[in-house]
Amino acid sequence: MVLSAQAQRSWKLATAVCTSVAAFHTVFYTEYSMPGHLEGEKHVYSDIQQSYRRMIDKYVWNVPDQENQKRENDDMTRS
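Bear in mind that the values here come from a model prediction, so they are computed numbers and not experimental data.

A. Here's a closer look at the side chain of Q49. The residue Q49 is located in helix α2 (residues 46-59) in this model. The exposure class assigned to Q49 is buried, which follows from its relative accessible area of 2%. Look past the residues within four positions of Q49 in its chain and what remains in contact with it is T26, V27, F28, Y29, T30, Y32 and H43.

In structure tokens form, the structure reads like this:
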């Protein structure tokens, strides 16, 4: 069975979207724990996941950045 050119483009688009969603989820949301590694040991995506979560907290959920808030509180207590 041969697909028409339009059907092939649709399948390519659907494949690209599904692959992109899977890659995004794999990088930003998957918690990696490997047997034999120490608890809390960082993996290759740890830093980017932390940055992403801080950005989402700040811009989507409007949660203040804890590091900046701590720094501001320290400055206020010194004054």
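After that view, the rundown keeps rolling.
B. Highlighting the pattern of salt bridges. Taken as a whole and judged by the stated rule, the model has two salt bridges. A salt bridge links R53 to E31; its shortest N-O distance comes to 2.7 Å. Here R53 is found in helix α2, whereas its partner E31 is found in the loop between α1 (5-28) and α2, with 22 residues between them in sequence. Among the residues examined, E31 registers a relative accessible area of 56% and is labelled exposed. Where D47 meets K42, a salt bridge forms, and the shortest distance between an N and an O atom there is 3.2 Å. Residue classification places D47 among the partly exposed residues on the basis of a relative accessible area of 46%.

C. Local environment of the packing of α1 against α2. At their nearest, the axes of α1 and α2 sit 8 Å apart, and the two run at 100° to each other. Put simply, α1 runs roughly perpendicular to α2. Here F24, T26, V27 and F28 of α1 come into contact with α2, specifically with I48, Q49, Y52 and R53. By residue class, the composition of the contact of α1 with α2 is five nonpolar, two polar and one charged.

Cut-offs and rules
Residues numbered from 1 in each chain as written. Predicted model: local features only at pLDDT ≥ 70, side-chain atom pairs only at ≥ 80, totals over all residues. Heavy atoms only, no water. Helix = DSSP H or I, 4+ residues; strand = E, 2+ residues; numbered from the N terminus. Buried < 20%, exposed > 50% of the residue type's maximum accessible area, 1.4 Å probe, protein only. Contact = heavy atoms within 4.5 Å. Salt bridge = Lys/Arg side-chain N within 4 Å of Asp/Glu carboxyl O. Axes fitted to C-alpha atoms, helices over the stretch in contact; angles between N-to-C directions. Parallel < 35°, antiparallel > 145°, perpendicular 65-115°, else oblique. Nonpolar A, V, L, I, M, F, W, Y, C, P; charged D, E, K, R; others polar.

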